[in-house]
Amino acid sequence: MVSTTHTEALPLEDKSLAHMLYGLMACFPILLLPAVLSLFINLNQRSNTLSSMLASHLRWQRWSIISMLLIMAVGYLSNQPWLSATLYVAASVWFSARIFKGWLSLIEGRCI
């Protein structure tokens, strides 16, 4: 029987892609283009085999961007200016909170 008393270090994951995508997502108030670019990069990474933590963050980012774009599209299609403005502000605040929560979880190394 072989006993291992030392703890083996787990290989560190490369989180640079997720950090880059969160950074692109954080630029959304300037233009929606960085968030859409982040979505295309994210969708391209779906086929790659990723760890469960990184995959959970990519899924979180994907659903955050898609949901924000859908809420903003409903706001755009609304005939009432007050409803459009409310939906834009609500989508922006909600999306910002999701970026903040997801990025902090990534820094701490937790799944989201």
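Structure: see above.
Residues numbered from 1 in each chain as written. Predicted model: local features only at pLDDT ≥ 70, side-chain atom pairs only at ≥ 80, totals over all residues. Heavy atoms only, no water.

*Asks:* Looking at this structure, how should I read the nonpolar core?
*Replies:* Here is a general trend for soluble globular proteins: nonpolar side chains tend to be buried in one another's company. Counting 16 residues, the largest nonpolar core has Y22, M25, F28, M68, F95, I99 and L106 as the members making the most contacts within it. Among the elements that make up this core, the one with the highest residue count is helix 3 (residues 52-77) (six residues). Residues in contact with Y22, not counting those within four places in the same chain, are H57, W60, Q61, I99, G102, W103 and L106. (Core = buried A, V, L, I, M, F, W, Y, C linked by side-chain atoms within 4.5 Å. Buried < 20%, exposed > 50% of the residue type's maximum accessible area, 1.4 Å probe, protein only. Helix = DSSP H or I, 4+ residues; strand = E, 2+ residues; numbered from the N terminus. Contact = heavy atoms within 4.5 Å.)

*Asks:* Hey, could you run me through a nonpolar patch on the surface in this one?
*Replies:* A surface patch of nonpolar side chains, amounting to about 360 Å² of accessible area, comprises I30, L31 and L33. Within the secondary structure layout, I30 lies in the loop between helix 1 (16-26) and helix 2 (33-44). Residue I30 is classed as exposed on the basis of its relative accessible area of 68%. (Patch = residues over 30% accessible without salt bridge, like charges linked within 9 Å, V, L, I, M, F, W, Y side chains within 5 Å. Areas by Shrake-Rupley, 256 points an atom, 1.4 Å probe, with all protein chains shown as cover. Salt bridge = Lys/Arg side-chain N within 4 Å of Asp/Glu carboxyl O.)

*Asks:* Explanation requested: the side chain of S64 in the structure shown.
*Replies:* Mapped onto the elements of the fold, S64 is located in helix 3. Among the residues examined, S64 registers a relative accessible area of 0% and is labelled buried. Side-chain polar atoms of S64 contact the backbone oxygen of W60, separated by 2.7 Å. Setting aside chain neighbours within four positions, we find S64 in contact with M25, W94, F95 and R98. (Polar contact = N/O pair within 3.5 Å; in protein donor to acceptor, adjacent residues only side chain to side chain.)

*Asks:* How should I be thinking about the packing of aromatic side chains in this particular structure?
*Replies:* The description of two aromatic rings rests on the distance between their centres and on the angle between their planes. Tallied over the entire structure, the rule returns two aromatic pairs. On the basis of an interplanar angle of 20° and a centroid distance of 5.8 Å, the ring pair of Y22 and W103 is categorised as stacked. Here W103 lies in helix 4 (residues 81-108) and Y22 lies in helix 1, a separation of 81 residues in the sequence. Given a relative accessible area of 0%, Y22 falls into the buried group. In this structure W103 comes out as partly exposed when scored by relative accessible area, which is 26%. The interplanar angle of 90° and the centroid separation of 4.8 Å between the aromatic rings of F28 and F95 together place this pair among those described as edge-to-face. Within this pair, whereas F28 is found in the loop between helix 1 and helix 2, its partner F95 is found in helix 4, the two being separated by 67 residues in sequence. Here the two residues F28 and F95 agree in accessibility, since each one is buried. Sitting over the face of the ring of W60, R98 holds its NZ or CZ atom 3.6 Å from the ring centroid. (Phe/Tyr/Trp six-rings, centres within 6.5 Å; stacked < 30°, edge-to-face > 60°. Lys NZ or Arg CZ within 6 Å of the ring centre and 35° of its normal.)

*Asks:* Please explain the pattern of salt bridges as it appears in this structure.
*Replies:* The tally for this structure, following the rule as stated, stands at one salt bridge. One salt bridge in this structure joins E108 and R110, with 2.7 Å as the shortest N-O distance. Residue classification places E108 among the exposed residues on the basis of a relative accessible area of 52%. Relative accessible area serves as the criterion here: at 43%, R110 is assigned to the partly exposed category.

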